[in-house]
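Architecture at a glance
Spelled out, the chains give:
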Amino acid sequence: MSEPDHGAPRGMPAELERALAAEVSLRSRMRYVAVGLAGGCAAVLIAVLWATEPRALPVRTQAVFAGLIAVGLAWAAVAAWALTRRRPLYAQDQVVGARLALVVSAVTGIVGTVLAAARGTTTAVLTTAAVGTVLTAIAGLLLARARSRRRELLRLRDVLRGGGA
C-alpha cells in the first residue's frame, strides 16, 4: 500500500477538476451548439435574402449584409472551433468569444454612430453613441473576466504539474 503524498497541494486537484468539468460539460457544449446554429442560420438567412432580391441593392445595403454575414460566420466558426477541441481549452474559448464580441460591438457602435450623424438628429447620434459605448464596455469587461479566468486555470494547471505557484 502506498502512503498518501502529504506534500501535494491540498484542494487544488478538486478545484481544477471542477473548473475543467464546467468547461467540457454537456451544458457548455450545448451553448456552443446554440451559438453556432444561431450564427450560421443568421448568415444563411441574410445571404438568401440578399441573393433573392429582384434588383441590385444599394452599395451601403450590400456592405451591411456582407458585414452581418461575416459576423454570423465568425460566431459559427468560434463555436465549431470550441466544439472540435478534444482537450480542455483552459477558457481560451471564452477569450476568443469575448474578443469577437468586443470587435463586433465596437465596429457596430462606430458605424451606427456615423450613420446616425449622417442621417439622424442629435438625439439619435447621442443615443446610438451611448448604446454603442455601453455595449463595447460590457464586451471589454467580459474580455477582462475571460482573460482572468484563463490565467487562473493555467496557474492551477501549472501548480498541479509542479511548475510553480
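See the structure shown above.
Structure report, in brief. (Residues numbered from 1 in each chain as written. Predicted model: local features only at pLDDT ≥ 70, side-chain atom pairs only at ≥ 80, totals over all residues. Heavy atoms only, no water.)

**Quick word on helix 2 (residues 26-51)**
- For helix 2, which comprises 26 residues, the first-to-last C-alpha distance of 37 Å matches the rise-based estimate of 38 Å (1.5 Å per residue) to within 8%.
- Within helix 2, the full set of buried residues consists of Ser28, Tyr32, Gly36, Gly39, Gly40, Ala43 and Ile46. (Helix = DSSP H or I, 4+ residues; strand = E, 2+ residues; numbered from the N terminus. Expected span 1.5 Å × (residues − 1). Buried < 20%, exposed > 50% of the residue type's maximum accessible area, 1.4 Å probe, protein only.)

**A few points about the packing of helix 3 (residues 59-84) against helix 4 (residues 92-119)**
- Look at helix 3 against helix 4: their axes get within 10 Å of each other, and the N-to-C directions meet at 170°. Here helix 3 is positioned roughly antiparallel relative to helix 4, judged by the angle of their axes. Facing Arg60, Val71, Ala74, Trp75, Val78, Trp81 and Ala82 of helix 3, the residues of helix 4 in contact are Gln92, Asp93, Val96, Gly97, Leu100, Ala101, Val104 and Arg119.
- When grouped by side-chain class, the residues that make up the contact of helix 3 with helix 4 number ten nonpolar, two polar and three charged. (Axes fitted to C-alpha atoms, helices over the stretch in contact; angles between N-to-C directions. Parallel < 35°, antiparallel > 145°, perpendicular 65-115°, else oblique. Contact = heavy atoms within 4.5 Å. Nonpolar A, V, L, I, M, F, W, Y, C, P; charged D, E, K, R; others polar.)

**Quick notes on the nonpolar core**
- Ala43, Ile46, Leu57, Phe65 and Ile69 together form the largest nonpolar core, which totals five residues.
- Contributing elements (two or more residues each) for this core: helix 2 and helix 3.
- Look past the residues within four positions of Ile46 in its chain and what remains in contact with it is Phe65, Leu68 and Ile69. (Core = buried A, V, L, I, M, F, W, Y, C linked by side-chain atoms within 4.5 Å.)

**A look at the packing of aromatic side chains**
- Tallying each qualifying case throughout the model produces one aromatic pair.
- Ring centres 6.0 Å apart and planes at 80° place the aromatic pair Trp50 and Phe65 in the edge-to-face group. Pair noted here: Trp50 is in helix 2 and Phe65 is in helix 3, with a separation of 15 residues, a long-range link.
- The cationic tip of Arg157 hangs over the ring face of Tyr90; the distance from NZ or CZ to the ring centre is 5.0 Å. (Phe/Tyr/Trp six-rings, centres within 6.5 Å; stacked < 30°, edge-to-face > 60°. Lys NZ or Arg CZ within 6 Å of the ring centre and 35° of its normal.)

**Thoughts on the pattern of salt bridges**
- All told, the structure shown has two salt bridges when counted by the stated rule.
- With a closest N to O distance of 2.6 Å, Glu152 and Arg155 form a salt bridge. Of the two residues, Glu152 and Arg155 are both situated in helix 5 (residues 122-161); the distance of three residues between them amounts to about one turn of the helix.
- The residue Arg157 makes a salt bridge to Asp158 at a minimum N-O spacing of 3.3 Å.
- When its relative accessible area of 29% is taken as the criterion, Asp158 is described as partly exposed. (Salt bridge = Lys/Arg side-chain N within 4 Å of Asp/Glu carboxyl O.)

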